[in-house]
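The lines below spell out each chain.
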Amino acid sequence: MKEEILKQLLEIVAKDNIRIDEPMSKHTTFKIGGNADFFLRPTSEEELKHIMKVAKNNNIPITVIGNGSNVLVKDEGIRGFVIKPNFKYIKIVNKKNDSVDVIAGSGVLLRKLSETMKRESIEGLEFAAFIPGCVGGEVKMNAGAHGKEMKDVVKESKYMDLEGNIHIISNEEHEFEYRKSLFSRINGIIIETTFSLEYGDEDTITNNMKRHSEFRRTKQPIDMPCAGSTFKRGKDFITARIIDECGLKGKSVGGAEVSTMHAGFIVNKGNATAKDVLDLVDYVEKEVFAKTGKRIELELEILG
Ligand SMILES: Cc1cc2nc3c(=O)[nH]c(=O)nc-3n(C[C@H](O)[C@H](O)[C@H](O)COP(=O)(O)OP(=O)(O)OC[C@H]3O[C@@H](n4cnc5c(N)ncnc54)[C@H](O)[C@@H]3O)c2cc1C
């Protein structure tokens, strides 16, 4: 069966962009996860469209990932196609006196995009410079930090639906909310996003980025495999604080541990399985509810 699907994919998709039985632990910042049946890295809309066609014709489920920094892939892996768009361009357009538009492919890391913006003295993306995702994943999650989120800078996005049709949507049509967007409701693969930014001063941009980097270095376990904040912010409470107050820092199940540095992060001490993480999540949710009466909600997405 896999050979037949591979044959169909190869009609359009380059061989180098297809991997079979690929360990997802190689593609997630948690460094956890079983194999994907097919791991596909399309580099053009034509390839992506063909992948959609093969999936539809053979009734194959599709999962999209970016940099894998907000996901936990189960130990059993992911059936069907995992698509990691490999659109890596950055284009600076519509240059005006003080404003400018920047188009970035969904596979561009925010780290890379922010560095490029700094060099061009374009400000507005410094807040995202150290969020370890790609454009597609950050737009879908409406990623945010330091008081700003994607919603504040996105002008429009281009995406492909599962039928292979292209759509262009405005900022409002993204339906941005706290850590969610239109793509939390519909299946679509973001191809590129245009950001509305402004010209600024390179030194100020550099200083802002340094401040954000220092904040993360001192407050977050960035040198441990993890997926950032495991839980969403509460409506009237700071989730990390109540986890800490429940005495859960350092609590571990197998190789998964509630970070001793930041109670909002679950980290992989080296040999954690997805089951360890899920069991720890379950334990933390129950303890927090038993001790505070508050329900905490996952920010982390479970795949597979
Ligand atoms: C150390 C650390 C710090 C973090 N700090 C922050 C922070 O400050 N603020 C914050 O908001 N987040 C933070 N995160 C979480 C994470 O980086 C963000 O949620 C980020 O937006 C995820 O992007 P990604 O490319 O890794 O997406 P993935 O984790 O790969 O995917 C996330 C979701 O987006 C979907 N997706 C990915 N690409 C596409 C696409 N092209 N089209 C459609 N859907 C797509 C996936 O299906 C999935 O549902 C942190 C994570 C880590 C590890």
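About the thresholds
- Residues numbered from 1 in each chain as written.
- Predicted model: local features only at pLDDT ≥ 70, side-chain atom pairs only at ≥ 80, totals over all residues.
- Heavy atoms only, no water.
- Helix = DSSP H or I, 4+ residues; strand = E, 2+ residues; numbered from the N terminus.
- Rg over C-alpha atoms; globule rule 2.2 N^0.38 Å.
- Buried < 20%, exposed > 50% of the residue type's maximum accessible area, 1.4 Å probe, protein only.
- Areas by Shrake-Rupley, 256 points an atom, 1.4 Å probe, with all protein chains shown as cover.
- Lys, Arg positive; Asp, Glu negative; His and termini not counted.
- Charge placed at Lys NZ, Arg CZ, Asp CG, Glu CD.
- Salt bridge = Lys/Arg side-chain N within 4 Å of Asp/Glu carboxyl O.
- Near = heavy atom within 4 Å.
- Polar contact = N/O pair within 3.5 Å; in protein donor to acceptor, adjacent residues only side chain to side chain.
- Phe/Tyr/Trp six-rings, centres within 6.5 Å; stacked < 30°, edge-to-face > 60°.
- Lys NZ or Arg CZ within 6 Å of the ring centre and 35° of its normal.
- Domains from an automatic or database assignment.
- Buried area = accessible area lost by both parts, 1.4 Å probe.

Visitor: Could you give me a rundown of the overall build of the chain, with the residues and numbers involved?
Guide: Helix and strand content of the chain: seven helices and 18 strands. Taking 2.2 N^0.38 as the reference for a compact globule, 304 residues should give roughly 19 Å; the C-alpha atoms of the chain span a radius of gyration of 20 Å, in line with that estimate. By its C-alpha atoms, the chain is 55 × 55 × 30 Å across when sized along the principal axes. When each of the 304 residues of the chain is scored for burial, the buried share is 51%. Within the structure as shown, the chain displays about 14700 Å² of accessible surface, and the carbon and sulfur contribution to it stands at 46%. One finds the centroid of the 46 positive side-chain charges in the chain at a distance of 2 Å from the centroid of its 47 negative side-chain charges.

Visitor: Could you give an account of the pattern of salt bridges, naming the residues involved and the relevant values?
Guide: Inspection of every chain in the model, using the stated rule, returns 19 salt bridges. The residue E301 makes a salt bridge to K140 at a minimum N-O spacing of 3.2 Å. Of this pair, E301 sits in strand 18 (residues 301–303) while K140 sits in helix 4 (residues 135–141); the two residues are 161 residues apart in sequence, bridging distant segments of the chain. Note on E301: relative accessible area 26%, which makes it partly exposed. Across the salt bridge formed by D244 and K249, the nearest N and O atoms sit 3.6 Å from each other. Residue K249 is classed as partly exposed on the basis of its relative accessible area of 33%. Among the charged side chains, a network of salt bridges with common partners joins K2, D21, D37 and R79.

Visitor: For the site of the ligand, give the residues involved together with the corresponding values.
Guide: Taken together, 33 residues surround the ligand, and among them V64, G66, S69, G144 and E301 come closest. Here an oxygen atom of the ligand and a side-chain polar atom of R179 are 3.2 Å apart. Between I190 and the ligand, the recorded distance is 2.8 Å, taken from a backbone N or O atom to a nitrogen atom. Contact with the protein chains hides 94% of the accessible area of the ligand, taken as 970 Å² for the molecule alone. A per-element tally of the shell around the ligand places helix 4 first, with five residues.

Visitor: Can you lay out the packing of aromatic side chains for me, pointing to particular residues and giving the numbers?
Guide: Applying the stated criterion to the full structure yields two aromatic pairs. With centroids separated by 5.4 Å and ring planes inclined at 70 degrees, the aromatic side chains of F38 and F81 adopt a geometry described as edge-to-face. Of this pair, F38 sits in strand 2 (residues 35–40) while F81 is found in strand 5 (residues 78–83), placing the two residues 43 residues apart along the sequence. Accessibility expressed as a relative area gives 4% for F38, which makes it buried. Here F81 falls in the buried class, since its relative accessible area comes to 0%. Stacked on the ring of Y178, the Lys or Arg R233 has its end atom at 4.3 Å from the ring centre. Between the NZ or CZ atom of R295 and the centre of the ring of F289, over which it lies, the distance is 3.8 Å.

Visitor: Could you give me a rundown of the domain arrangement of the chain, with the residues and numbers involved?
Guide: The domain architecture assigned to the chain consists of domain 1 (2–83), domain 2 (90–210) and domain 3 (221–303). Here domain 1 packs against domain 2, burying approximately 1100 Å² in sum over the two surfaces, 69% of which is carbon and sulfur. It is E45, M52 and N67 in domain 1 that bury the most area against domain 2; as a group they hold 43% of the surface buried on that side. For the pair domain 1 and domain 2, the interface holds two salt bridges. The salt bridge partner of E163 is K56, with a shortest N-O separation of 3.1 Å. Summed over the shared surface of domain 1 and domain 2, the result is four residue pairs in polar contact (both at pLDDT 80 or more). Counting residues per element, the ones that place at least two in the side of domain 1 that touches domain 2 are helix 2 (45–58) and strand 3 (62–64). Among the elements that make up the side of domain 1 that touches domain 2, the one with the highest residue count is helix 2 (five residues).

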